[in-house]
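# Topology and contacts: notes
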Amino acid sequence: MAIWVEVDLCDGCRRCTRACPYDAMEIREGKAYIGERCTSCGACMEVCRSKAIVTDAQPRIIPDFSNYTGAWVFAEQRRGQLQRVSVELLGKAQELAKVLNHKVSAVLIGHEVSDLAKTLIQFGADTVYLVEHETLKEYRTEAYAHVFKELVTEHKPNILLMGATHIGRDLAPRVSRCVGSGLTADCTELSIHPEEGILLQTRPAFGGNVMATIANRFSRPQMATVRPGVMEVIPTPEKEGSVITHVTQLTEEQIGTRILEIVKEPKTHGNLTEAKIIVAGGRGVNDAAGFELLGSLAAALGAELAGTRVAFEEGWIPASRQVGQTGVTVRPDLYIACGISGAIQHRAGMMDSKFIVAINKDPYAPIFKVADWGIVGDLFDVVPELTKQLQAACQ
Ligand code: FAD
(Lines give C-alpha, C1' and ligand atoms only; values in the text may rest on other atoms or scores of the structure.)
Protein backbone atom coordinates (compact mmCIF):
# COMPACT_ATOMS: atom_id res chain seq x y z
CA MET A 1 0.00 0.00 0.00
CA ALA A 2 1.37 3.41 -0.94
CA ILE A 3 0.44 6.96 0.02
CA TRP A 4 1.63 10.04 -1.87
CA VAL A 5 1.06 13.77 -2.43
CA GLU A 6 -0.39 15.12 -5.68
CA VAL A 7 1.75 18.27 -5.57
CA ASP A 8 -0.36 20.18 -8.08
CA LEU A 9 -3.35 19.93 -5.76
CA CYS A 10 -1.48 20.71 -2.52
CA ASP A 11 -1.80 24.30 -1.26
CA GLY A 12 0.71 23.84 1.62
CA CYS A 13 -1.94 24.52 4.29
CA ARG A 14 -0.04 22.42 6.91
CA ARG A 15 -3.17 20.67 8.20
CA CYS A 16 -1.53 17.35 7.40
CA THR A 17 1.66 18.18 9.34
CA ARG A 18 -0.42 18.97 12.39
CA ALA A 19 -2.58 15.85 12.02
CA CYS A 20 0.24 13.34 11.51
CA PRO A 21 0.71 11.41 14.79
CA TYR A 22 4.17 10.23 13.68
CA ASP A 23 5.70 13.60 12.67
CA ALA A 24 6.19 12.16 9.21
CA MET A 25 4.75 15.11 7.28
CA GLU A 26 6.59 18.32 6.53
CA ILE A 27 6.28 21.21 4.09
CA ARG A 28 9.05 21.46 1.51
CA GLU A 29 8.99 24.33 -0.93
CA GLY A 30 5.39 25.08 -0.07
CA LYS A 31 4.13 21.52 -0.64
CA ALA A 32 3.39 18.60 1.67
CA TYR A 33 6.15 16.00 1.83
CA ILE A 34 5.80 12.50 3.29
CA GLY A 35 8.87 11.38 5.25
CA GLU A 36 10.23 7.97 6.22
CA ARG A 37 8.29 7.81 9.47
CA CYS A 38 4.98 7.47 7.60
CA THR A 39 2.97 4.41 8.61
CA SER A 40 0.20 5.04 6.04
CA CYS A 41 -2.27 5.53 8.88
CA GLY A 42 -4.27 7.96 6.73
CA ALA A 43 -4.63 10.74 9.36
CA CYS A 44 -3.24 13.27 6.83
CA MET A 45 -5.71 12.21 4.16
CA GLU A 46 -8.65 12.76 6.48
CA VAL A 47 -7.72 16.41 7.08
CA CYS A 48 -6.57 17.32 3.57
CA ARG A 49 -9.19 19.73 2.19
CA SER A 50 -7.79 19.78 -1.34
CA LYS A 51 -7.68 15.95 -1.60
CA ALA A 52 -3.96 16.20 -2.45
CA ILE A 53 -2.94 13.16 -0.40
CA VAL A 54 -3.96 9.90 -2.02
CA THR A 55 -3.47 6.19 -1.55
CA ASP A 56 -3.90 3.04 -3.60
CA ALA A 57 -5.32 1.17 -0.57
CA GLN A 58 -8.82 -0.18 -0.97
CA PRO A 59 -11.21 0.74 1.87
CA ARG A 60 -11.70 -2.25 4.15
CA ILE A 61 -15.19 -3.65 3.80
CA ILE A 62 -17.05 -4.40 7.02
CA PRO A 63 -18.43 -7.94 6.75
CA ASP A 64 -22.10 -8.65 7.33
CA PHE A 65 -22.41 -9.83 10.93
CA SER A 66 -26.21 -9.77 11.10
CA ASN A 67 -26.26 -13.52 11.91
CA TYR A 68 -24.10 -12.95 15.01
CA THR A 69 -26.42 -12.35 17.92
CA GLY A 70 -26.43 -12.40 21.72
CA ALA A 71 -24.23 -11.27 24.58
CA TRP A 72 -22.35 -14.21 26.10
CA VAL A 73 -20.64 -14.48 29.44
CA PHE A 74 -18.14 -17.15 30.44
CA ALA A 75 -19.56 -18.59 33.68
CA GLU A 76 -16.29 -19.27 35.43
CA GLN A 77 -16.50 -21.90 38.15
CA ARG A 78 -13.81 -23.48 40.23
CA ARG A 79 -14.60 -26.80 41.84
CA GLY A 80 -18.30 -26.08 41.40
CA GLN A 81 -18.05 -22.58 42.93
CA LEU A 82 -19.31 -19.89 40.58
CA GLN A 83 -16.95 -16.90 40.53
CA ARG A 84 -18.70 -13.64 41.41
CA VAL A 85 -17.24 -11.86 38.39
CA SER A 86 -19.39 -14.03 36.11
CA VAL A 87 -22.52 -12.78 37.83
CA GLU A 88 -21.25 -9.20 37.56
CA LEU A 89 -20.69 -9.68 33.84
CA LEU A 90 -24.20 -11.03 33.43
CA GLY A 91 -25.38 -7.68 34.83
CA LYS A 92 -23.44 -5.79 32.16
CA ALA A 93 -24.47 -8.27 29.45
CA GLN A 94 -28.14 -7.57 30.28
CA GLU A 95 -27.60 -3.85 29.70
CA LEU A 96 -25.76 -4.40 26.41
CA ALA A 97 -28.22 -6.99 25.14
CA LYS A 98 -31.18 -4.73 25.95
CA VAL A 99 -29.80 -1.97 23.71
CA LEU A 100 -29.30 -4.44 20.85
CA ASN A 101 -32.50 -6.38 21.52
CA HIS A 102 -30.39 -9.52 21.87
CA LYS A 103 -30.48 -12.37 24.41
CA VAL A 104 -28.01 -12.99 27.24
CA SER A 105 -26.31 -16.35 27.47
CA ALA A 106 -23.89 -17.91 29.94
CA VAL A 107 -21.38 -20.59 28.98
CA LEU A 108 -20.98 -23.10 31.79
CA ILE A 109 -18.16 -25.61 31.34
CA GLY A 110 -17.04 -28.29 33.77
CA HIS A 111 -18.02 -31.63 35.23
CA GLU A 112 -21.19 -32.04 37.31
CA VAL A 113 -21.79 -28.29 37.40
CA SER A 114 -25.35 -28.22 36.02
CA ASP A 115 -26.71 -26.98 39.39
CA LEU A 116 -25.14 -23.61 38.67
CA ALA A 117 -27.34 -23.02 35.63
CA LYS A 118 -30.24 -21.93 37.87
CA THR A 119 -28.08 -19.26 39.53
CA LEU A 120 -26.94 -17.98 36.15
CA ILE A 121 -30.56 -17.56 35.05
CA GLN A 122 -31.37 -15.77 38.32
CA PHE A 123 -28.66 -13.26 37.47
CA GLY A 124 -29.68 -12.53 33.91
CA ALA A 125 -28.98 -15.45 31.56
CA ASP A 126 -31.78 -16.23 29.08
CA THR A 127 -29.88 -19.32 27.99
CA VAL A 128 -27.16 -21.38 29.61
CA TYR A 129 -24.93 -23.38 27.30
CA LEU A 130 -23.93 -26.31 29.49
CA VAL A 131 -20.90 -28.37 28.51
CA GLU A 132 -20.07 -31.20 30.92
CA HIS A 133 -17.33 -33.75 30.45
CA GLU A 134 -14.82 -35.51 32.67
CA THR A 135 -11.97 -33.91 30.75
CA LEU A 136 -13.38 -30.50 31.71
CA LYS A 137 -13.39 -31.14 35.47
CA GLU A 138 -10.38 -28.90 36.10
CA TYR A 139 -9.61 -25.86 33.97
CA ARG A 140 -7.14 -26.48 31.17
CA THR A 141 -6.54 -23.84 28.52
CA GLU A 142 -6.67 -26.04 25.45
CA ALA A 143 -9.72 -27.96 26.58
CA TYR A 144 -11.82 -24.90 27.44
CA ALA A 145 -10.67 -23.04 24.32
CA HIS A 146 -11.65 -26.05 22.20
CA VAL A 147 -15.15 -26.05 23.69
CA PHE A 148 -15.52 -22.31 23.13
CA LYS A 149 -14.46 -22.70 19.51
CA GLU A 150 -17.16 -25.35 19.00
CA LEU A 151 -19.83 -23.16 20.63
CA VAL A 152 -18.86 -19.92 18.90
CA THR A 153 -18.71 -21.62 15.51
CA GLU A 154 -22.13 -23.17 16.00
CA HIS A 155 -24.05 -20.33 17.71
CA LYS A 156 -22.25 -17.18 16.53
CA PRO A 157 -22.42 -14.80 19.52
CA ASN A 158 -22.09 -11.07 18.91
CA ILE A 159 -20.36 -10.29 22.23
CA LEU A 160 -18.30 -12.54 24.51
CA LEU A 161 -17.25 -11.37 27.98
CA MET A 162 -14.90 -13.05 30.45
CA GLY A 163 -13.67 -12.07 33.91
CA ALA A 164 -10.07 -10.85 34.02
CA THR A 165 -9.26 -13.51 36.60
CA HIS A 166 -6.25 -15.81 36.30
CA ILE A 167 -8.38 -18.22 34.27
CA GLY A 168 -10.11 -15.55 32.18
CA ARG A 169 -6.80 -13.86 31.33
CA ASP A 170 -5.44 -17.18 30.19
CA LEU A 171 -8.51 -18.36 28.29
CA ALA A 172 -9.69 -15.19 26.53
CA PRO A 173 -6.63 -14.66 24.28
CA ARG A 174 -6.62 -18.33 23.33
CA VAL A 175 -10.31 -18.27 22.42
CA SER A 176 -9.91 -15.03 20.50
CA ARG A 177 -7.07 -16.61 18.50
CA CYS A 178 -9.10 -19.77 17.86
CA VAL A 179 -12.12 -17.88 16.54
CA GLY A 180 -10.12 -15.18 14.73
CA SER A 181 -11.47 -12.30 16.75
CA GLY A 182 -9.98 -9.29 18.56
CA LEU A 183 -9.86 -8.95 22.33
CA THR A 184 -9.75 -5.95 24.67
CA ALA A 185 -8.36 -6.86 28.08
CA ASP A 186 -9.17 -5.28 31.44
CA CYS A 187 -12.06 -3.08 30.35
CA THR A 188 -13.50 -0.70 32.91
CA GLU A 189 -16.57 0.25 30.88
CA LEU A 190 -18.58 -1.37 28.10
CA SER A 191 -21.35 0.24 26.08
CA ILE A 192 -22.99 0.06 22.68
CA HIS A 193 -22.29 2.65 19.98
CA PRO A 194 -25.66 4.38 19.49
CA GLU A 195 -25.48 4.41 15.67
CA GLU A 196 -23.26 1.48 14.72
CA GLY A 197 -24.48 -0.93 17.41
CA ILE A 198 -20.95 -2.16 18.05
CA LEU A 199 -19.36 -2.77 21.44
CA LEU A 200 -17.34 0.14 22.79
CA GLN A 201 -14.67 -1.23 25.09
CA THR A 202 -13.04 1.32 27.38
CA ARG A 203 -9.85 0.64 29.31
CA PRO A 204 -6.96 2.65 30.76
CA ALA A 205 -4.01 3.08 28.39
CA PHE A 206 -0.58 4.70 28.48
CA GLY A 207 -0.01 3.96 32.14
CA GLY A 208 -3.53 4.97 33.05
CA ASN A 209 -3.10 8.52 31.77
CA VAL A 210 -5.82 8.18 29.14
CA MET A 211 -8.93 6.08 28.80
CA ALA A 212 -8.93 4.40 25.38
CA THR A 213 -12.17 3.26 23.77
CA ILE A 214 -11.66 0.34 21.43
CA ALA A 215 -14.15 -1.00 18.90
CA ASN A 216 -13.97 -4.05 16.71
CA ARG A 217 -15.67 -3.59 13.34
CA PHE A 218 -14.13 -6.45 11.43
CA SER A 219 -14.60 -9.66 13.41
CA ARG A 220 -17.01 -11.43 15.75
CA PRO A 221 -17.54 -12.10 18.57
CA GLN A 222 -16.51 -8.80 20.10
CA MET A 223 -14.46 -10.02 23.04
CA ALA A 224 -13.53 -8.25 26.26
CA THR A 225 -12.28 -9.15 29.72
CA VAL A 226 -13.35 -7.18 32.78
CA ARG A 227 -11.78 -7.30 36.20
CA PRO A 228 -13.75 -8.57 39.19
CA GLY A 229 -15.56 -5.86 41.12
CA VAL A 230 -15.95 -3.44 38.20
CA MET A 231 -19.50 -4.21 36.97
CA GLU A 232 -22.66 -4.26 39.03
CA VAL A 233 -24.70 -7.37 39.73
CA ILE A 234 -28.31 -7.17 38.46
CA PRO A 235 -30.37 -10.00 40.00
CA THR A 236 -33.33 -11.35 38.01
CA PRO A 237 -34.95 -13.73 40.56
CA GLU A 238 -38.17 -14.22 38.58
CA LYS A 239 -36.48 -14.92 35.28
CA GLU A 240 -37.07 -18.15 33.40
CA GLY A 241 -34.31 -19.34 31.17
CA SER A 242 -33.38 -22.43 29.27
CA VAL A 243 -30.41 -24.78 29.40
CA ILE A 244 -28.92 -26.03 26.15
CA THR A 245 -26.63 -29.00 26.59
CA HIS A 246 -23.73 -29.08 24.18
CA VAL A 247 -21.96 -32.37 23.62
CA THR A 248 -18.32 -31.65 22.98
CA GLN A 249 -16.24 -33.65 20.54
CA LEU A 250 -13.18 -33.12 22.76
CA THR A 251 -11.08 -36.12 23.72
CA GLU A 252 -8.32 -36.40 26.33
CA GLU A 253 -5.80 -37.12 23.55
CA GLN A 254 -6.42 -33.64 22.09
CA ILE A 255 -5.24 -31.94 25.28
CA GLY A 256 -1.50 -31.52 25.68
CA THR A 257 -1.52 -31.04 29.45
CA ARG A 258 -2.29 -33.26 32.46
CA ILE A 259 -3.06 -32.00 35.94
CA LEU A 260 -1.01 -34.07 38.35
CA GLU A 261 -1.81 -32.23 41.56
CA ILE A 262 -3.52 -29.02 42.62
CA VAL A 263 -1.70 -27.23 45.42
CA LYS A 264 -3.74 -24.47 47.00
CA GLU A 265 -1.95 -21.44 48.39
CA PRO A 266 -2.89 -21.11 52.08
CA LYS A 267 -5.44 -18.34 52.41
CA THR A 268 -4.46 -15.84 55.07
CA HIS A 269 -6.95 -13.13 54.18
CA GLY A 270 -10.55 -12.69 53.10
CA ASN A 271 -11.49 -11.81 49.56
CA LEU A 272 -10.62 -8.18 48.89
CA THR A 273 -13.13 -7.74 46.07
CA GLU A 274 -15.99 -8.74 48.35
CA ALA A 275 -14.83 -6.78 51.43
CA LYS A 276 -17.31 -4.24 52.86
CA ILE A 277 -14.58 -2.18 54.55
CA ILE A 278 -10.97 -1.78 53.42
CA VAL A 279 -8.11 -0.05 55.20
CA ALA A 280 -5.40 0.70 52.67
CA GLY A 281 -1.91 2.08 53.10
CA GLY A 282 0.68 3.67 50.85
CA ARG A 283 4.22 4.98 51.01
CA GLY A 284 3.26 7.29 53.87
CA VAL A 285 2.88 4.23 56.13
CA ASN A 286 6.68 3.97 55.95
CA ASP A 287 7.28 0.28 56.73
CA ALA A 288 5.84 -3.07 57.83
CA ALA A 289 5.54 -1.78 61.41
CA GLY A 290 3.38 1.06 60.08
CA PHE A 291 1.14 -1.52 58.43
CA GLU A 292 0.67 -3.17 61.82
CA LEU A 293 -1.00 0.06 62.96
CA LEU A 294 -3.30 -0.18 59.96
CA GLY A 295 -3.88 -3.85 60.83
CA SER A 296 -5.17 -2.82 64.28
CA LEU A 297 -7.56 -0.33 62.71
CA ALA A 298 -8.72 -2.99 60.23
CA ALA A 299 -9.29 -5.46 63.09
CA ALA A 300 -11.35 -2.88 65.01
CA LEU A 301 -13.54 -2.33 61.95
CA GLY A 302 -13.68 -5.92 60.71
CA ALA A 303 -11.96 -4.67 57.57
CA GLU A 304 -9.54 -6.09 55.03
CA LEU A 305 -6.05 -4.66 54.65
CA ALA A 306 -4.79 -3.45 51.26
CA GLY A 307 -2.36 -0.98 49.76
CA THR A 308 -0.84 0.79 46.81
CA ARG A 309 1.72 -0.56 44.38
CA VAL A 310 4.43 1.09 46.47
CA ALA A 311 3.24 -0.89 49.51
CA PHE A 312 3.44 -4.10 47.49
CA GLU A 313 6.84 -3.28 45.97
CA GLU A 314 8.22 -2.51 49.43
CA GLY A 315 7.01 -5.94 50.58
CA TRP A 316 4.52 -4.56 53.14
CA ILE A 317 1.55 -6.31 51.50
CA PRO A 318 1.29 -9.31 49.13
CA ALA A 319 0.57 -8.72 45.43
CA SER A 320 -3.02 -9.93 45.89
CA ARG A 321 -3.65 -6.92 48.20
CA GLN A 322 -2.56 -4.24 45.72
CA VAL A 323 -5.45 -2.03 44.68
CA GLY A 324 -5.42 -0.26 41.34
CA GLN A 325 -4.96 -0.50 37.65
CA THR A 326 -2.48 -3.35 37.81
CA GLY A 327 -3.93 -4.74 41.02
CA VAL A 328 -7.41 -5.48 42.25
CA THR A 329 -10.52 -3.35 41.64
CA VAL A 330 -12.59 -2.92 44.78
CA ARG A 331 -15.88 -1.24 45.59
CA PRO A 332 -16.42 -1.59 49.36
CA ASP A 333 -18.87 0.44 51.39
CA LEU A 334 -15.94 2.16 53.11
CA TYR A 335 -12.37 2.65 51.87
CA ILE A 336 -9.91 4.27 54.28
CA ALA A 337 -6.81 5.47 52.43
CA CYS A 338 -3.86 6.14 54.74
CA GLY A 339 -0.69 7.82 53.45
CA ILE A 340 -1.83 7.35 49.84
CA SER A 341 -1.33 10.21 47.38
CA GLY A 342 -4.16 9.07 45.08
CA ALA A 343 -2.32 8.51 41.79
CA ILE A 344 -4.69 7.83 38.88
CA GLN A 345 -3.52 4.21 38.72
CA HIS A 346 -4.54 3.70 42.35
CA ARG A 347 -7.81 5.61 42.02
CA ALA A 348 -8.77 3.42 39.06
CA GLY A 349 -9.10 0.50 41.48
CA MET A 350 -10.99 2.15 44.35
CA MET A 351 -12.90 5.23 43.22
CA ASP A 352 -16.20 3.37 42.97
CA SER A 353 -16.12 2.70 46.72
CA LYS A 354 -19.31 3.94 48.37
CA PHE A 355 -17.50 6.16 50.90
CA ILE A 356 -13.85 7.11 50.84
CA VAL A 357 -11.97 8.48 53.83
CA ALA A 358 -8.47 9.81 53.17
CA ILE A 359 -5.83 10.47 55.82
CA ASN A 360 -2.90 12.42 54.42
CA LYS A 361 -0.62 15.11 55.78
CA ASP A 362 -0.56 16.92 52.41
CA PRO A 363 -3.79 18.95 52.03
CA TYR A 364 -3.24 19.03 48.23
CA ALA A 365 -2.91 15.25 47.80
CA PRO A 366 -5.08 14.13 44.81
CA ILE A 367 -6.75 11.47 46.97
CA PHE A 368 -8.81 14.27 48.54
CA LYS A 369 -10.46 14.86 45.15
CA VAL A 370 -12.22 11.49 45.36
CA ALA A 371 -12.62 11.38 49.16
CA ASP A 372 -15.97 11.91 50.86
CA TRP A 373 -14.16 12.78 54.11
CA GLY A 374 -10.60 14.03 54.29
CA ILE A 375 -8.44 14.12 57.40
CA VAL A 376 -5.36 16.30 56.93
CA GLY A 377 -2.88 15.02 59.46
CA ASP A 378 -0.13 12.59 60.33
CA LEU A 379 -1.45 9.06 60.04
CA PHE A 380 0.75 8.02 62.96
CA ASP A 381 -1.38 10.31 65.17
CA VAL A 382 -4.75 9.82 63.44
CA VAL A 383 -4.82 6.02 62.95
CA PRO A 384 -4.00 5.00 66.57
CA GLU A 385 -6.51 7.57 67.88
CA LEU A 386 -9.19 6.29 65.50
CA THR A 387 -8.46 2.69 66.53
CA LYS A 388 -8.58 3.59 70.23
CA GLN A 389 -11.91 5.35 69.90
CA LEU A 390 -13.41 2.53 67.84
CA GLN A 391 -12.24 -0.08 70.33
CA ALA A 392 -13.67 1.98 73.20
CA ALA A 393 -16.99 2.37 71.35
CA CYS A 394 -17.24 -1.39 70.85
CA GLN A 395 -16.68 -2.28 74.52
P1 FAD B 1 3.11 8.32 47.03
O2 FAD B 1 2.55 8.74 45.74
O3 FAD B 1 4.53 8.49 47.29
O4 FAD B 1 2.23 8.98 48.17
C5 FAD B 1 2.50 8.89 49.53
C6 FAD B 1 1.52 9.83 50.24
O7 FAD B 1 1.66 9.65 51.64
C8 FAD B 1 1.77 11.30 49.96
O9 FAD B 1 0.57 11.91 49.50
C10 FAD B 1 2.17 11.89 51.32
O11 FAD B 1 1.66 13.20 51.53
C12 FAD B 1 1.52 10.90 52.27
N13 FAD B 1 2.19 10.81 53.56
C14 FAD B 1 3.51 10.63 53.81
N15 FAD B 1 3.72 10.51 55.14
C16 FAD B 1 2.51 10.64 55.74
C17 FAD B 1 2.07 10.59 57.09
N18 FAD B 1 2.92 10.38 58.10
N19 FAD B 1 0.75 10.76 57.34
C20 FAD B 1 -0.14 10.97 56.33
N21 FAD B 1 0.23 11.00 55.04
C22 FAD B 1 1.54 10.83 54.74
N23 FAD B 1 -0.30 2.22 41.95
C24 FAD B 1 -1.23 1.59 42.66
O25 FAD B 1 -1.48 1.90 43.82
N26 FAD B 1 -1.94 0.53 42.10
C27 FAD B 1 -1.74 0.12 40.83
O28 FAD B 1 -2.40 -0.83 40.40
C29 FAD B 1 -0.77 0.82 40.06
N30 FAD B 1 -0.57 0.47 38.76
C31 FAD B 1 0.31 1.20 38.02
C32 FAD B 1 0.44 0.92 36.65
C33 FAD B 1 1.31 1.66 35.90
C34 FAD B 1 1.43 1.36 34.45
C35 FAD B 1 2.06 2.71 36.49
C36 FAD B 1 2.99 3.54 35.68
C37 FAD B 1 1.94 2.99 37.83
C38 FAD B 1 1.07 2.24 38.63
N39 FAD B 1 0.92 2.51 39.97
C40 FAD B 1 -0.03 1.86 40.67
C41 FAD B 1 1.79 3.46 40.69
C42 FAD B 1 1.18 4.83 40.87
O43 FAD B 1 1.47 5.62 39.75
C44 FAD B 1 1.76 5.57 42.12
O45 FAD B 1 3.16 5.61 41.99
C46 FAD B 1 1.41 4.89 43.43
O47 FAD B 1 0.02 4.63 43.51
C48 FAD B 1 1.81 5.81 44.57
O49 FAD B 1 1.66 5.11 45.75
P50 FAD B 1 1.51 5.86 47.14
O51 FAD B 1 0.29 6.71 47.14
O52 FAD B 1 1.66 4.80 48.17
O53 FAD B 1 2.84 6.73 47.23
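Above this text is the structure in question.
Rules used in this analysis
- Residues numbered from 1 in each chain as written.
- Predicted model: local features only at pLDDT ≥ 70, side-chain atom pairs only at ≥ 80, totals over all residues.
- Heavy atoms only, no water.
- Patch = residues over 30% accessible without salt bridge, like charges linked within 9 Å, V, L, I, M, F, W, Y side chains within 5 Å.
- Areas by Shrake-Rupley, 256 points an atom, 1.4 Å probe, with all protein chains shown as cover.
- Salt bridge = Lys/Arg side-chain N within 4 Å of Asp/Glu carboxyl O.
- Lys, Arg positive; Asp, Glu negative; His and termini not counted.
- Charge placed at Lys NZ, Arg CZ, Asp CG, Glu CD.
- Helix = DSSP H or I, 4+ residues; strand = E, 2+ residues; numbered from the N terminus.
- Near = heavy atom within 4 Å.
- Polar contact = N/O pair within 3.5 Å; in protein donor to acceptor, adjacent residues only side chain to side chain.
- Nonpolar A, V, L, I, M, F, W, Y, C, P; charged D, E, K, R; others polar.
- Buried < 20%, exposed > 50% of the residue type's maximum accessible area, 1.4 Å probe, protein only.
- Phe/Tyr/Trp six-rings, centres within 6.5 Å; stacked < 30°, edge-to-face > 60°.
- Pairing = 2+ DSSP bridges.
- Axes fitted to C-alpha atoms, helices over the stretch in contact; angles between N-to-C directions.
- Contact = heavy atoms within 4.5 Å.
- Parallel < 35°, antiparallel > 145°, perpendicular 65-115°, else oblique.
- Left-handed = near helix turned anticlockwise from the far one by under 90°.

A few words on a negative patch on the surface. On the surface, Glu112, Asp115, Glu132 and Glu134 cluster together into a patch of negative charge. For Glu132, the location among the structural elements is in strand 9 (residues 127-132).

Now for the site of the ligand. Arg283, Thr308, Thr326, Ser341 and Asn360 are the nearest of the 26 residues found near the ligand. Here Arg283 contributes a side-chain N or O atom positioned 2.6 Å from an oxygen atom of the ligand. Here the ligand has 990 Å² of accessible area as a free molecule, and 78% of this is covered by the chains. Counting residues per element, the ones that place at least two in the shell around the ligand are helix 8 (309-313), helix 9 (344-347) and helix 11 (379-394). Residue composition of the shell around the ligand, grouped by class: 6 nonpolar, 15 polar and 5 charged.

This next bit is on a positive patch on the surface. A grouping of Arg14, Arg15, Arg18 and Arg49 is seen on the molecular surface, where their side chains present a positively charged patch. You can call Arg49 exposed: its relative accessible area is 59%.

This part covers the packing of aromatic side chains. In total, this model carries 7 aromatic pairs according to the counting rule given. Aromatic side chains Tyr139 and Tyr144 sit 5.0 Å apart centroid to centroid with 75° between the ring planes, which places their arrangement in the edge-to-face category. A single burial state applies to Tyr139 and to Tyr144, both of which are buried. Ring centres of Phe355 and Trp373 lie 5.5 Å apart, and the angle between their planes is 25°; on these two criteria the pair is classed as stacked. Placement of Phe355 in strand 20 (residues 355-360) and of Trp373 in strand 21 (residues 373-376) is noted, with a sequence separation of 18 residues between them. Given a relative accessible area of 38%, Phe355 falls into the partly exposed group. The rings of Phe74, Tyr139, Tyr144 and Phe148 are connected pair by pair, giving a single aromatic cluster.

The next subject is the sheet that holds strand 19 (residues 334-338). Pairing in this open sheet of 5 strands is parallel, and the strands run 18-17-19-20-21 from one edge to the other. Here the strands that pair on one side only, and so sit at the sheet edges, are strand 18 (304-307) and strand 21. Adjacent strand axes in the sheet meet at a mean angle of 20° when their direction is disregarded. Along the sheet, helix 11 contacts strand 19, strand 20 and strand 21; its crossing angle with strand 20, the most-contacted strand, is approximately 130°.

Turning to the sheet that holds strand 14 (residues 210-215), a few remarks are in order. Strands sit in the order 12-13-14 across an open sheet of 3 strands; the sheet is antiparallel. The sheet is open, and its two edges are formed by strand 12 (189-192) and strand 14, each paired on a single side. Direction aside, neighbouring strands of the sheet carry axes that sit 30° apart on average. Of the strand pairs in this sheet, strand 13 (residues 199-205) and strand 14 are connected by 6 bridges, and their pairing is antiparallel. Looking across to strand 14, one finds that Gln201 is bridged to Ile214. Across the sheet, helix 3 (residues 84-100) is in contact with strand 12 and strand 13; its angle to strand 12 comes to roughly 15°.

Contact geometry of helix 7 (residues 288-301) with helix 11 gives a least axis separation of 9 Å together with a crossing angle of 25°. As far as their axial angle goes, helix 11 and helix 7 are roughly parallel. Helix 11 is crossed by helix 7, and the crossing has left-handed handedness. Facing helix 7, whose interface residues are Gly290, Leu293, Leu294, Ser296, Leu297, Ala300 and Leu301, helix 11 presents Leu379, Phe380, Val383, Pro384, Leu386, Thr387, Leu390 and Gln391. Residues belonging to the contact of helix 7 with helix 11 are distributed by class as follows: 11 nonpolar, 4 polar and no charged.

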